[in-house]
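Report on the structure
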Amino acid sequence: MKLGILGAGGIARVMAKTLRMLNENGHPEVELYAVAARDPDRARAFAAEEGVRKAFGSYEEMLRDPELDLVYIATPHSHHYRHMRLCIDHGKHVLCEKAFTVSARQAADALNRARAKGLLVTEAIWTRYQPMRGIIDGVVAGGLIGEPKRLTASLGYPITGNRRIVDPELAGGALLDVGVYPLNFAEMVFGRPVALHGLCAKNEAGVDLDDSMTLLWPDGRMATLTATTTSVADRRGIVYGTKGYLVVDNINNPQGVRAYDIDHRLVYEQACPPQLTGYEYEVLETVNCIRAGALECPSMPHAETIHMMEQMDHLRAQMGIVYPCEEID
């Protein structure tokens, strides 16, 4: 299966590395076939440096290639909806980076268009596909920390020097870029909440730079989440139970879990299974599902993608955040 990368930024290079490593580690089923950028020189440089067979100076030119099967969208999330529609119109399957779109309406529209054409489109939120998800679920469900009652998760980096983080035209802000991870972490562990409340601190352009979110479940479980673009966060997720607590290191690519008892003694520890880059799981599941004729991936079903966008829509409404690129045609 031939994969093309739409966009030639930093995350595109991680995907290129992932595909090379997959091939080197006994997975020839997906080929790093093409890259497209708006600047032809940038596309050619990317292809030369990353070992890509074809370079295209426009997205449309790459999508017209009949040999191309699957497109990885690596552009800013403000452009995801438009670029997914372009791929779908050209009959290509899509693996789209998070945040999937900027609104639930855009997400639902893109997915409906793909389904109507018999194409698989899935969200590339890597933590949903990784084996650490099952390890975390197993520890929580196994009763080692007792009955889980509370959860905290924090993620953040000082990244306000990056234009796509602070520009409303690019759907900038902490929520879509960073907050999507603690939200997904909380709901992967506890399921869907019944209430969600958020506060944020904004820059002069009205973009959220620091977010605080509180989630509530019907049985009284609660989660407190933070996302920041202004400072360094510990990146930890902690699940608190009646007999102890579970600590997850680095919630946007979990590298290990540790469980402690009521006296704060370590009672369980599990490192992350060996990984290439962590992106390989989403790629392999996507390829396998396309070959099986499926239109969505079980690790991130369409209903979950739309639900998470609805959650972020709800938070933005509370925070008073509107993006110029929210429209659908």
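In what follows, the accompanying structure is described. (Residues numbered from 1 in each chain as written. Predicted model: local features only at pLDDT ≥ 70, side-chain atom pairs only at ≥ 80, totals over all residues. Heavy atoms only, no water.)

Remarks on the packing of aromatic side chains
Two descriptors summarise a pair of aromatic rings, namely the distance from one centre to the other and the angle between the planes of the rings. The line we're drawing: Classification of ring pairs uses Phe, Tyr and Trp, with its six-membered ring standing for Trp, and accepts pairs whose centres are within 6.5 Å; under 30 degrees between planes counts as stacked, over 60 as edge-to-face, and the remaining range as tilted. Helix and strand assignments follow DSSP, with helices taken as H or I runs no shorter than four residues and strands as E runs no shorter than two, numbered in order from the N terminus. The rule is simple: take the accessible area with a 1.4 Å probe, protein chains only, and divide by the maximum for that residue type; under 20% is buried, over 50% is exposed, in between is partly exposed. Any Lys NZ or Arg CZ found within 6 Å of a ring centre and within 35 degrees of that ring's normal is scored as a charge over the ring.
All chains considered together, the criterion is met by four aromatic pairs. Each ring, one from Phe190 and one from Trp217, has its centre 5.1 Å from the other, and the planes form 85 degrees; the classification is edge-to-face. Of the two residues, Phe190 is situated in helix 8 (residues 174-190) and Trp217 in the loop between strand 9 (208-216) and strand 10 (222-228); the sequence distance between them amounts to 27 residues. Pair check on accessibility: Phe190 and Trp217 agree, each one buried. Ring-pair connections join several aromatic residues into one group, and the members of that group are Tyr240, Tyr245 and Tyr260. Against the face of Tyr240 rests Arg150, its NZ or CZ located 4.9 Å from the ring centre. Positioned above the aromatic ring of Phe190 is the side chain of Arg221, whose terminal nitrogen or guanidinium carbon lies 4.6 Å from the ring centre.

Looking at the side chain of Glu304
Worth spelling out the cut-off: Residues are treated as being in contact if the distance between any of their heavy atoms lies within 4.5 Å.
Positionally, Glu304 belongs in helix 10 (residues 302-319). Excluding its chain neighbours within four sequence positions, the residues that come into contact with Glu304 are Arg128 and Arg192.

Structural notes on the layout of surface pockets
This is how the line gets drawn: Note on definitions: the grid is 1 Å and covers protein atoms alone; a cavity is a set of points where a 1.4 Å probe fits but cannot get out; a pocket is an open set with protein on both sides within 12 Å along at least five of seven lines; lining residues have an atom within 4 Å of a point. Grid points are joined across faces, edges and corners, and a volume is the space filled by probe spheres set on the points. Gly falls in the polar group here, along with every residue not listed as nonpolar (Ala, Val, Leu, Ile, Met, Phe, Trp, Tyr, Cys, Pro) or charged (Asp, Glu, Lys, Arg).
Approximately 880 Å³ is the volume attributed to the largest pocket. Taken together, 34 residues line the largest pocket, and the ones lying closest to its centre are Ile11, Ala74, Thr75, Pro76 and Arg164. For the lining of the largest pocket, the secondary structure elements donating two or more residues are helix 1 (10-24), helix 4 (80-89), helix 7 (163-166) and helix 8. Considered class by class, the residues forming the lining of the largest pocket number 16 nonpolar, 10 polar and eight charged. In this structure, the second largest pocket encloses a volume near 160 Å³. Forming the walls of the second largest pocket are Ser78, Tyr81, Arg82, Arg85, Gln106, Cys325, Glu327 and Asp329. It is helix 4 that contributes the most residues to the lining of the second largest pocket, three residues altogether. Its residues assigned to classes, the lining of the second largest pocket comprises two nonpolar, two polar and four charged.

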